[in-house]
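# Overview (structure and organization)
One-letter residues, chain by chain:
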Amino acid sequence: MIYLDYGATSFHKPQSVRRAVQEAMLRCANPGRGGYDAAIEATRTVYRCRETAAELFSCQPEQVVFTANCTHGLNIAIRTLVKPGKAVVISGFEHNAVTRPLHGLKADVRVAGRKLFDPADTLEEFEKHLRTGASAAVFTHVSNVFGYILPVEEMAALCRQYGVPFIVDAAQSAGALPVGLSELGADFIAMPGHKGLLGPQGTGILLCGREPEPLMFGGTGSESIRQEMPDFLPDRLEPGTQNVPGIAGLHAGLQFLKRTGIANIGRREQQAARRCAGLLERLGLQVFAGPHQAGTVSFLCRKDCEEAAQILARQGIALRAGLHCAPLAHESAGTLETGTVRVSFGYDASDSQTEALGRAIRRSGLA
Amino acid sequence: MKYCILTFRSVTFAQRGESALRKAGIDCSLIRTPKNLSSRGCGYSLRLKERDANEAVERLHGDGIAFGKLYTVHPDGTAQEWQT
């Protein structure tokens, strides 16, 4: 199988990740609860991952909170910053993981910047909305549909300038682009553990730049006498037993990134996406490509996008079609009616993957 | 034999402390906080030699790692709090 759905999850994990998961299942009991060897080993396993994540994303270990996925982290962050009815600025490329919690809160959502691959438009519109007054801002680093890299550093600077707290959704950028809590000065940055960070499914990280409101309540193994949740991180957000095998695998994924270099992986993915876009254009398909593009490319062909993905799946090409849980992004790009076929590269991106995709498209008459 | 216990509010801070002390060459181990030293119930501490206690406190202060209290535990099990 040629796997080109890294935007959904990193399916081919490094061997070290698989090994770490298995080791944790053999050696780890409940973390942060007991004092016997297997409990201490679990506690250390969780902390090692926290420490490595803190190093990679420039914060302190206690600011690294483990979540079940990126959506979980976004929900905590949004529930902390956004109050019902208040104005919130978002980009035109947000995922349902952002828009649904805001809808659920009945927030006054203001969409800023609809033009693909146009950071100047994004910034101009974003500032316009900040100027008119907003209680918070939420924006993605990279569009999960089109790979558009939003100018997050400048957006963060604008938020700081206007005193608007903000959340960055790093679902598609963590592990491929620089992401730093202290550099951005963000209130929260949410990311999945199982995509670019190469951990197992069921893992995620929320970086906390401010005190959050808990979404779940329960035992933390600390200050058990009190009925209020602890007022310190990470305990405030981590009640219940942690996903230790998942976190062990995530740690192995982070170590792989450190060894390989996030910049190297990002470059490789972007280069693959550029070459893929070029090939698809030469095949006469409608391709969504431009500057400021990460390792993701969307395209349209002669057939319905879901049908095209099915045809390609039968030829061993794994990619995703439809709305990708991001109707807002499709509305911005004018593809809400059609959806798109999405190719998303990962750390193992190569020309041979693109060539295989090209051959399959030609063979199946999609071009 | 006497030893010292440094208490922490969370296991994460206890491990940050452990990491900082080990980097400074101070031997310590992560343990559950004895119940009689844990006024809020449940937690983790670092156990270390009494002769290292002053240096450990200085190091933690220097690294901005918050800890709770420092005790000397005597061979008969009684604990005496330090004024840090």
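Read on for an overview of the structure.

### Observations concerning the overall build of chain B
Regarding its fold elements, chain B presents two helices and five strands. Scanning chain B from its N terminus toward the C terminus, one meets helices and strands in the order β-α-β-β-α-β-β. By the compact-globule yardstick of 12 Å for 84 residues, chain B fits well, its C-alpha radius of gyration being 12 Å. Each principal axis of the C-alpha distribution contributes one length, and for chain B these read about 30 × 25 × 20 Å. When burial is assessed residue by residue, chain B has 46% of its 84 residues classed as buried. A separation of at least 24 residues holds for 60% of the contacts in chain B among residues at least 6 apart in sequence. Carbon and sulfur atoms form 46% of the exposed surface of chain B, whose accessible area is close to 4,400 Å². When the 13 positive and 9 negative side-chain charges of chain B are each reduced to one mean point, those points stand 7 Å apart.

### Some points on the interface of chain A and chain B
Each partner contributes to the interface: chain A provides 24 residues, whereas chain B provides 17 residues. When chain A packs against chain B, the two sides together hide about 1,700 Å² of surface, and 49% of this comes from carbon and sulfur. Of all residues in chain A, Arg-44, Tyr-47 and Glu-223 of chain A bury the most surface against chain B, accounting for 30% of the area lost on that side. Put simply, Arg-44 of chain A and Glu-18 of chain B hold a salt bridge, and the shortest N to O gap is 2.6 Å. Counting the contacts that link chain A with chain B gives ten residue pairs in polar contact (both at pLDDT 80 or more).

### Digging into helix α9 (residues 262-282) of chain A
Residues and elements named next belong to chain A. Along its 21 residues, α9 runs 30 Å from first to last C-alpha, staying within 8% of the 30 Å computed at 1.5 Å per residue. All of the buried residues in α9 are Ile-262, Ile-265, Gly-266, Glu-269, Ala-272, Ala-273, Cys-276, Ala-277, Gly-278, Leu-279 and Leu-280. Those residues of α9 hidden inside the fold are in contact with α2 (37-56), α8 (244-260), β9 (286-288), β10 (296-300), β13 (340-344) and α12 (351-363). Where α9 ends, the next residue or the one after it, Gly-284, has phi of about 85°, a positive value.

### Here we look at unusual backbone geometry
Residues and elements named next belong to chain A. The amide bond that connects Leu-233 to the next residue, Pro-234, takes the cis arrangement and shows omega of 0°. Although it is not a glycine, Ser-58 sits at a positive phi angle of roughly 45°. By the element assignment, Ser-58 lies in the loop between α2 and β2 (64-67). With relative accessibility at 21%, the residue Ser-58 sits in the partly exposed group. For Cys-325, which is not a glycine, the phi torsion comes out positive at approximately 55°. By relative accessible area, Cys-325 is classed as partly exposed at 38%.

### Quick look at the pattern of salt bridges
According to the stated counting rule, one finds 22 salt bridges over all chains in the structure shown. Arg-110 of chain A is the partner of Asp-108 of chain A in a salt bridge, and the nearest nitrogen-oxygen pair spans 2.8 Å. Note on Asp-108 of chain A: relative accessible area 31%, which makes it partly exposed. Each of Glu-223, Arg-226, Glu-228 and Asp-231 of chain A together with Arg-9 of chain B takes part in salt bridges that share partners, so that together they form one network.

Conventions adopted
- Residues numbered from 1 in each chain as written.
- Chains lettered and ligands numbered in written order.
- Predicted model: local features only at pLDDT ≥ 70, side-chain atom pairs only at ≥ 80, totals over all residues.
- Heavy atoms only, no water.
- Helix = DSSP H or I, 4+ residues; strand = E, 2+ residues; numbered from the N terminus.
- Rg over C-alpha atoms; globule rule 2.2 N^0.38 Å.
- Buried < 20%, exposed > 50% of the residue type's maximum accessible area, 1.4 Å probe, protein only.
- Contact = heavy atoms within 4.5 Å.
- Areas by Shrake-Rupley, 256 points an atom, 1.4 Å probe, with all protein chains shown as cover.
- Lys, Arg positive; Asp, Glu negative; His and termini not counted.
- Charge placed at Lys NZ, Arg CZ, Asp CG, Glu CD.
- Buried area = accessible area lost by both parts, 1.4 Å probe.
- Salt bridge = Lys/Arg side-chain N within 4 Å of Asp/Glu carboxyl O.
- Polar contact = N/O pair within 3.5 Å; in protein donor to acceptor, adjacent residues only side chain to side chain.
- Expected span 1.5 Å × (residues − 1).

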